[in-house]
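Spelled out, the chains give:
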Amino acid sequence: MEWIFFIIGIIPDLVEGLLTTLEISVTSFVMGLALAIVLAPARVFAPKPVSFIARSYVELLRGTPLLVQLLLIYFGLPSVGIKLDAYTACVLAIGLNSAAYQAEILRGAMKSIPETQFLAAESLGMSTAQAYRYVVLPQALRVAIPALVNEFVTLIKESSLASVIGVVELTRRGEYLVAYTFRALEVYVAVALIYFVVCALASQATRILEKKLMIPGYERGVA
Amino acid sequence: MTSTVLLVEGLKAGYGDRVVLRGVDLSVKRGEKVVIMGPSGSGKSTLLKCIVRLVEPWAGRIVLDGEEVTSNSVDLRKIRAKTGFVFQQYNLFPHMSVLRNLTLPLEVVKKLPKEEAERRALKLLRMLGLEEFADKYPLQLSGGQQQRVAIARALAMDPVLLLLDEPTSALDPELRYEVLETLFEIAKQGRSMLIVTHELDFAEAAADRLVLLDNGVVIEEGDPWEMIHNPRTERTKRFLVKIMRKSVSA
């Protein structure tokens, strides 16, 4: 029973690390989403050269390990004169990587919006950008909610890579505790449990968000 | 201001290798209501879409309200904002309220201030008996109500020409009636209209001219009553018999 009290005892310490984990996850996610909102239409609507650049970005970022990207930004960029602190490097790496995945999610969601919606916007005299901004994007984001929340959950877990470059987030906080207490099993069980609870809560939030943002009348079926 | 609002000359268009329009000539005078009929695949919808270049014409000339639609330097957004297009499947924006469906194009295309856009939209909704649905969302409405909102959205832009692509064909007979009533109401107001429909009642009672399209060309046009009761060609006769049978069975 003593191990239970030990775990309860280290929770406040781990929660401090969790706050950093959440900070990294939320910041990177928002950054990724902002970029994805530009990348996804660039792949669908933009002229070939722009579309090629957007596609190359997505392929490159998805085709290389996040850890390598993180190390490249933190240790590689200083050799070209760009020196970032560990926290910034971490947010930047995860955000840029997530942008590629979120762009693909959004592109898929955009494809699910009937082309007639775009046609209707165009027939009213809207530009492609206006049709995207007012008609396609708001509907695509609703379709993408489950996949985007899934990406956020993945991101919470991936943020543990930040510990590699010394950012004191949840996993790193756990490593410190192991170093002090030599009780790796209990500490990592507690760390895993915290990740699990946070991810479960995020998944639960999907349902609430989906319900809140559901298009009124949608439950009756799309006309 | 010319008396012709739309002029189409030698219009050819298609999709890939498939030729749909093989040289269509058509004109609509200001205030005139022209009904286009024809068997499915005859090119009716393609013709309407070519007028606002939602489908790119291959050859021919289109002049709308004095502006060359087919010219390379034309401002397509301006042309489209001048017309009101009503689709068969309504194509309302489902994530916006009925009122927002009307005010959005007024604000972002016509650049009207929010209050002015709302005032104009509400006036139109009131006129078409749709005011009670202003805060509802399209998917909460029946098909007929959605189509009437789509007509209101097109009218809100104060178009020089209203283009309606089979506005009643996706609806049950009951719902068709309420949309037809709305169309009769608009027709009375003297707005120029080009309507693709198989509604013989509407063509006979409200249209100034009936155009029959077949296999991508106009095969007959004239006074609707005359064409329906004394068709000149055998092809027209056969087509009319077919749609009469259909409307009886509906």
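It should be noted that the structure appears before, not after, this text.
Computed from a predicted structure; not experimentally measured. (Residues numbered from 1 in each chain as written. Chains lettered and ligands numbered in written order. Predicted model: local features only at pLDDT ≥ 70, side-chain atom pairs only at ≥ 80, totals over all residues.)

1. Comments concerning helix α8 (residues 184-213) of chain A
All names here are of chain A.
Next, step 1: The end-to-end C-alpha distance of α8 is 43 Å, a good match for the 44 Å that 30 residues give at a rise of 1.5 Å each.
Next, step 2: Residues of α8 that are buried: Val187, Ala190 and Val191.
Next, step 3: In this fold, the buried residues of α8 make contact with α1 (2-44) and α7 (170-181). (Helix = DSSP H or I, 4+ residues; strand = E, 2+ residues; numbered from the N terminus. Expected span 1.5 Å × (residues − 1). Buried ≥ 20, exposed ≤ 12 C-beta atoms within 10 Å, placed from the backbone. Contact = placed C-beta atoms within 7 Å.)

2. Section: the sheet that holds strand β5 (residues 67-68) of chain B
Strand-to-strand pairing in sheets goes through backbone hydrogen bonds, with the strands running parallel or antiparallel.
Residue and element names in this part refer to chain B.
Next, step 1: Judged by pairing direction, the sheet is antiparallel, and its four strands sit side by side in the order β2-β1-β4-β5 without closing on themselves. Where the open sheet ends on each side, the last strands, each with one partner, are β2 (18-29) and β5.
Next, step 2: Pairing of strand β1 (residues 4-15) with β2, which is carried by nine bridges, proceeds in the antiparallel orientation. Within β2, the position partnered with Lys12 by the bridge is Arg22. (Pairing = 2+ DSSP bridges.)

3. Considerations on the interface of chain A and chain B
Next, step 1: Counting residues at the interface gives 23 residues for chain A and 23 residues for chain B.
Next, step 2: Grouping the constituent residues of the side of chain A that touches chain B by class yields 12 nonpolar, eight polar and three charged. (Nonpolar A, V, L, I, M, F, W, Y, C, P; charged D, E, K, R; others polar.)

4. What to know about the environment of Leu210(B)
Residue and element names in this part refer to chain B.
Next, step 1: Assignment of secondary structure puts Leu210 in strand β9 (residues 209-214).
Next, step 2: Residues Leu210 and Arg100, 110 residues apart in the sequence, show an inter-C-alpha distance of 35 Å.
Next, step 3: Setting aside its immediate chain neighbours within four residues, Leu210 contacts Val35, Met37, Ala203, Glu221, Gly222, Pro224 and Met227.

5. Some remarks on the nonpolar core
Next, step 1: In terms of nonpolar packing, the biggest core is built from 119 residues, with Cys90(A), Ile36(B), Ile51(B) and Leu194(B) touching the most fellow members.
Next, step 2: The contacts of Ile51(B), once residues within four sequence positions are left out, are Leu6(B), Ile62(B), Leu64(B), Val69(B) and Leu163(B).
Next, step 3: The next biggest cluster of nonpolar side chains, apart from the first, holds seven residues, and it includes Leu170(A), Leu177(A), Ala190(A) and Val191(A). (Core = buried A, V, L, I, M, F, W, Y, C linked by C-beta atoms within 7 Å.)

6. Some details on helix α4 (residues 114-127) of chain B
Along an α-helix, residues three or four positions apart point the same way, because every turn accommodates 3.6 residues.
Residue and element names in this part refer to chain B.
Next, step 1: If you check α4, its first and last C-alpha atoms are 20 Å apart, about what 14 residues at 1.5 Å a residue would give, namely 20 Å.
Next, step 2: Along α4, the residues classified as buried are Ala117, Ala121, Leu124 and Leu125. The buried residues of α4 all sit within an arc of 100° when viewed along its axis, so they share a single face. Of the residues in α4, the exposed ones pointing more than 90 degrees away from the buried face are Glu115 and Lys123.
Next, step 3: In this structure, the buried residues of α4 make contact with α3 (98-108) and α5 (143-156).
Next, step 4: In the stretch just after α4, Gly129 is the one whose phi turns positive, near 70°. (Arc of directions from axis to C-beta.)

7. Examining the packing of α1(A) against helix α6 (residues 128-158) of chain A
All names here are of chain A.
Next, step 1: Across the interface, α1 lies against α6 with an axial gap of 11 Å and an inter-helix angle of 145°. For the pair α1 and α6, the crossing hand works out as right-handed. For the pair α1 and α6, the contacting residues are Thr21, Ser25, Ser28, Phe29, Ile37 and Pro41 in the first and Tyr132, Leu137, Phe152, Leu155 and Ile156 in the second.
Next, step 2: Partitioning the contact of α1 with α6 into residue classes produces eight nonpolar, three polar and no charged. (Axes fitted to C-alpha atoms, helices over the stretch in contact; angles between N-to-C directions. Left-handed = near helix turned anticlockwise from the far one by under 90°.)

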